[in-house]
Amino acid sequence: MKVLQSYIAQTVQHLYSLTDVSIEIQHTRKEFEGQYTLLCFPLTKFVKKSPEQIAQEIGEYLLKNNTYIQKFNVVKGFLNLSLKDTYWKEVIFEELHKNPDFGRLDIGKGKKILIEFCSPNTNKPLHLGHLRNLLLGDSMANILAFCGYEVIRTNLYNDRGAHICKSMLAWQKFAQGKTPQSTHTKGDYFVVEYYIMAENILKEQTTFLLEKWQNNDFGQVSPEIITKYKELVDKLRQVENSPKKDTKKITQLKDEIKELAQTQTEWFKAVQDMLAQWEAGNPEIIALWKQMNAWVYEGFERTYQQLHIRFDRYDYESQTYLLGKELVKQGLEKSIFYQKEDGSVWIDLSQEKLDQKLVLRSNGTSVYITQDMGTAVQRHEQLNLHQSIYVVASEQDYHFKVLIAILKKMGYEWASRLYHLSYGMVYLPTGRMKTREGNVVDIDALLTEMYQVAQKTTQELGKTEGLSAQELEHLYHELALSAIKYYLLKVDPQKDMIFNPEESIDFHGNTGTYLQYTYARIQGIFRKAQEKELLHYQSADTKNYQNVHDTERNLLIYLYRFEEVVKQSAEQYSPALVANYVYELCRLYANFHHEVVILHDSNPDAIAFRVQLNAVCARIIKKSLELLGLTPLDRM
RNA sequence: GCACUCAUAGCUCAGCUGGAUAGAGCAACUGCCUUCUAAGCAGUAGGUCACAGGUUCGAAUCCUGUUGAGUGUACCA
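Residues numbered from 1 in each chain as written. Chains lettered and ligands numbered in written order. Predicted model: local features only at pLDDT ≥ 70, side-chain atom pairs only at ≥ 80, totals over all residues. Heavy atoms only, no water.

S.K.: Just to check I follow, could you spell out the overall build of chain A for this structure?
M.R.: The helix and strand tally for chain A stands at 23 helices and 14 strands. Along the first, second and third principal axes, the C-alpha set of chain A runs to 95 × 70 × 55 Å. Taking all 636 residues of chain A together, 50% fall into the buried category. Within chain A, counting contacts between residues at least 6 apart in sequence, those at least 24 apart form 74% of the total. (Helix = DSSP H or I, 4+ residues; strand = E, 2+ residues; numbered from the N terminus. Buried < 20%, exposed > 50% of the residue type's maximum accessible area, 1.4 Å probe, protein only. Contact = heavy atoms within 4.5 Å.)

Below, the structure written as structure tokens:
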């Protein structure tokens, strides 16, 4: 396409003496004859002729002067060009066939890039939301590495804070020394039981307290809290009694009241007390904290292994949450931040339309954003990074806008290269997942279920003769993974999506299974070739092959786009582009496979060409699958 | 209230960043296993690209407004 573009640029220069015009070429739509189409409309601005006339003139010139042009036709302002078989064989096929690394780029050569993904709390098993995060991060890392970047994969564990103390406190009070080992439970599932216990106690105590408050029984509650409570209740009444019922506002106010009551419960105070002890370094608390987190990490590791996802490093919030305070101090001196009377520190981002933002509490402790500032600066200084990518849910769009704006204001030149790879929510057909309501799909359970479906379907089809039990197990697991991974990755990251469990286990149509099936068929051809002793065709000369079939040409054109797709997916941070590409490629292969017989033909040149084309397809599909984090399967 | 994101077939999603008659899969219907894997292929049916304006040779795509949905919103992480 680039070659063609330069030919046309020369033509335009020769015919109209124009140099700096954009030459717009695209692939010809199926309904029309030809493979490439030049849009002549843009040229009408410079040449005082109709687009049809320009198309005709360029077409005639190219036909006369370019060896690869076979014929052309003009529809309105579209110049459709058909290229000779020699072009497909000698230019396109040659490059695809001779370059075993086709698609690999060096746009990231010498650049170090850090990608942070997953970043879970250490109090519950990983669920569907984490899965989308993990898959996006993993695939993005693969794609960037394929583009030449030195990629560092990191996972930031949210391992401290009140939410962690909740499960610790519940364990301390109720576990009677039980452990994951003693109960034969996976660590993350073990810990979440205590987290849920803690949440329930908090809920019970809150409800109890609210009932008392409604009857004006405030006990020892401080006057400020009482006034605040009464204010909120008044507001709620106003909204409820106003003619247009703002349900969103009502639930918001109700939540605020609940939160207020929560802070007055015994349980909440005990949690806060534990957090304070943790921060003070109480050895007993620290030991418990380490123990419980270790259980969770062990559980997480098993899930990562199942998914074939690895990290190069782990960051722990407990080690980074104090970072950033020094930066605030420096920024205060440079008047990037300002201090209020109560001692809290703020930044004014109203010029960026992001309002005022707190960066240090009045008691001098840091908030979430302070920590992120510190972590970003530390990473860039220690690792000499070119860029950082944060794979984090779209709920935090605002947070990352603020973070990047602050770092820019502080004068870090790399701040403009921080990128928030924001991905949309994963909903169930029944709505949003909520731990409390128990409609959470967690990764382990999903994998188990998919494994069973893969097993059942495979057994019903009965095509796995001769495979050992171990090989079968591998097959089922990889099929299950392929289905899930592709299902989540094919959707544009930034869009919210609905995860329909029934649809995701469907193995027909636009699915990961289909991709694997296509790949397995390709490999099947090579097995057959070996059986029939036809493998010598792999290195045979294809120069004499005439009459390239339509399906072959379509494959060549599409295979050749792989490089462009890789580049785009890296630039747009979207594995979905690779996913959709490889699906379309598999469809074209199925087409080819259906239309021509690869291993039987009266013409040996045809067999040679097709066997070699088959090999190129195998390579590009394999690479695409790997970029998405799927393990290509030779048989299924 | 304000900010950001989204709206395409009954459902789930594409649509190469402004190009031709908007594409797949699922679900429904019809064909195709005596040649390389039928987890497949071919076909039928299904659309006011939320709505209304604007920009221009040309708009699902860009701009403005309206409606609807989601998310966030100053001492939680």
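S.K.: I tried to follow the pattern of salt bridges on my own but got confused; where do I start?
M.R.: As a working rule, side chains carrying opposite charge can pair if their charged atoms are close by. Under the counting rule described, the total for this entry stands at 27 salt bridges. Linking Asp444 and Lys186 is a salt bridge whose minimum nitrogen-to-oxygen distance equals 2.5 Å. Taken together, the positions of Asp444 in helix H16 (residues 443-461) and Lys186 in the loop between helix H6 (180-183) and helix H7 (187-214) put the pair 258 residues apart, joining distant regions of the chain. For the pair shown, Asp444 and Lys186 are each scored as buried. (Salt bridge = Lys/Arg side-chain N within 4 Å of Asp/Glu carboxyl O.)

S.K.: Got a minute to help me understand the packing of aromatic side chains in this structure?
M.R.: The geometry of an aromatic ring pair is captured by two quantities: the separation of the ring centres and the angle between the planes. Evaluated as defined, the whole model comprises 34 aromatic pairs. Here Tyr36 and Trp88 contribute two aromatic rings whose centre-to-centre distance is 6.1 Å and whose plane-to-plane angle is 20 degrees, an arrangement assigned as stacked. Taken together, the residues Tyr36 in strand S2 (residues 36-39) and Trp88 in helix H3 (residues 85-98) connect sequence positions 52 residues apart. Looking at Tyr36, the relative accessible area reads 2%, which means it is buried. When its relative accessible area of 0% is taken as the criterion, Trp88 is described as buried. Residues Tyr487 and Phe499 carry aromatic rings whose centres are separated by 5.3 Å and whose planes lie at 85 degrees to one another, so their mutual orientation is edge-to-face. In this pair, Tyr487 sits in helix H17 (residues 469-489) while Phe499 sits in the loop between strand S14 (497-498) and helix H18 (501-504), placing the two residues 12 residues apart along the sequence. Overall, the relative accessible area of 9% leaves Tyr487 in the buried class. (Phe/Tyr/Trp six-rings, centres within 6.5 Å; stacked < 30°, edge-to-face > 60°.)

S.K.: Looking at this structure, how should I read the sheet that holds strand S4 (residues 78-83)?
M.R.: Strand pairing in a sheet takes place through backbone hydrogen bonds and is either antiparallel or parallel in direction. With respect to topology, four strands assemble into an open sheet ordered S1-S2-S4-S3, the strand pairing being antiparallel. Two strands bound the open sheet, and with one partner strand each, they are strand S1 (25-27) and strand S3 (69-75). Here the average twist between neighbouring strands, direction ignored, is 30 degrees. The pairing of S3 with S4 spans six bridges and is antiparallel. Following the sheet pairing, Phe72 is matched in S4 by Leu81. (Pairing = 2+ DSSP bridges. Axes fitted to C-alpha atoms, helices over the stretch in contact; angles between N-to-C directions.)

S.K.: Can you help me understand the packing of helix H1 (residues 2-16) against helix H2 (residues 51-65) in this one?
M.R.: Each pair of packed helices gets described by two things: the angle between the helix axes and the distance between those axes. At a minimum axis distance of 10 Å, the contact between H1 and H2 shows a crossing angle of 110 degrees. As far as their axial angle goes, H2 and H1 are roughly perpendicular. The handedness of the crossing between H1 and H2 comes out as right-handed. Listed contacts from H2 to Ile8, Thr11, Val12, His14, Leu15 and Tyr16 of H1 are Ile54, Glu57, Ile58, Tyr61 and Leu62. When its residues are assigned to classes, the contact of H1 with H2 shows eight nonpolar, two polar and one charged. (Parallel < 35°, antiparallel > 145°, perpendicular 65-115°, else oblique. Left-handed = near helix turned anticlockwise from the far one by under 90°. Nonpolar A, V, L, I, M, F, W, Y, C, P; charged D, E, K, R; others polar.)

S.K.: Sorry, what's going on with the nonpolar core here?
M.R.: Where a protein is soluble and globular, its nonpolar side chains tend to be buried together. Judged by nonpolar contacts, the single largest core of 161 residues is most densely connected at Ile8, Val12, Ile58, Leu81, Leu128, Leu131 and Leu134. No other element matches helix H23 (residues 604-627), which puts 13 residues into this core. Leaving out residues up to four positions away in the same chain, Val12 has contacts with Ser17, Leu18, Val21, Ile23, Leu43 and Ile58. Of all hydrophobic cores here, the second largest spans 29 residues; its members include Ile336, Val367, Val402 and Tyr412. (Core = buried A, V, L, I, M, F, W, Y, C linked by side-chain atoms within 4.5 Å.)

S.K.: Quick question: what am I supposed to make of the environment of Asn282 here?
M.R.: Tracing the chain through its elements places Asn282 in the loop between helix H10 (266-280) and helix H11 (283-307). Here Asn282 falls in the partly exposed class, since its relative accessible area comes to 22%. Within the structure, Asn282 has its side chain in polar contact with the side chain of Gln277 (distance 2.7 Å). (Polar contact = N/O pair within 3.5 Å; in protein donor to acceptor, adjacent residues only side chain to side chain.)

S.K.: Is there a simple way to think about the protein's contact with RNA strand B in this case?
M.R.: Looking at RNA strand B, there are 72 residues lining it, with Glu317, Arg361, Lys463, Tyr517 and Val596 nearest. Within the backbone of His593, a nitrogen or oxygen atom sits 2.7 Å from a base nitrogen of RNA strand B. With respect to RNA strand B, the backbone of Met636 contributes an N or O atom lying 3.0 Å from a base nitrogen. Looking at the surface near RNA strand B, the elements that each hand over two or more residues are S2, S4, strand S10 (356-360), helix H15 (397-409), H16, S14, helix H19 (512-531) and helix H22 (575-595). Here the surface near RNA strand B gets nine residues from one element, more than from any other, and that element is H19. Looking at the surface near RNA strand B residue by residue, the class counts come to 29 nonpolar, 21 polar and 22 charged. (Near = heavy atom within 4 Å.)

S.K.: Even after reading the chapter, I still don't get the environment of Gln277, so can you show me in this structure?
M.R.: Here Gln277 lies in helix H10. Excluding anything up to four places from it in sequence, Gln277 contacts Asn282 and Ile285.

S.K.: I keep staring at the sheet that holds S10 and nothing clicks. Help me out?
M.R.: Ordered in space as S8-S9-S10, the three strands form an open sheet in which the pairing is antiparallel. This sheet does not close on itself; its edge strands, each paired only once, are strand S8 (337-339) and S10. Across the sheet, the mean angle from the axis of one strand to that of its neighbour is 40 degrees, orientation sign disregarded. Relative to strand S9 (residues 345-348), S8 is paired through three bridges, and the arrangement is antiparallel.

S.K.: Sorry, what's going on with the packing of H19 against H22 here?
M.R.: Packing of H19 against H22 leaves a shortest axis separation of 10 Å and a crossing angle of 45 degrees. Regarding the angle of H19 to H22, the classification is oblique. In this structure, H19 meets H22 at a crossing whose hand is left-handed. Counted together, Tyr514, Leu515, Thr518, Arg521, Ile522 and Ile525 of H19 and Val582, Tyr583, Cys586, Arg587, Tyr589, Ala590 and His593 of H22 form the full contact between these two elements. Taken together, the residues of the contact of H19 with H22 break down into nine nonpolar, two polar and two charged.

S.K.: Mind showing me how you'd approach H19 here?
M.R.: Helical periodicity: at 3.6 residues per turn, an α-helix aligns residues three or four positions apart in one direction. The end-to-end C-alpha distance of H19, which contains 20 residues, comes to 29 Å, matching closely the 28 Å that a straight helix rising 1.5 Å per residue would cover. Trailing H19 by a residue or two, Glu533 shows a phi angle of about 55 degrees, which is positive. (Expected span 1.5 Å × (residues − 1).)

S.K.: Would you explain H10 in this entry?
M.R.: Here H10 is 15 residues long and its end C-alpha atoms lie 21 Å apart, about the 21 Å a rise of 1.5 Å per residue gives. For H10, the complete set of buried residues consists of Trp267, Val271, Met274, Leu275 and Trp278. With its buried residues spanning 100 degrees around the axis, H10 presents them on a single face. Opposite the buried face of H10, at more than 90 degrees from it, the exposed residues are Glu266 and Ala280. The inward-facing, buried residues of H10 abut helix H5 (162-174), H7, H11 and helix H12 (317-320). Once H10 ends, the next one or two residues include Gly281, with phi positive near 85 degrees. (Arc of directions from axis to C-beta.)

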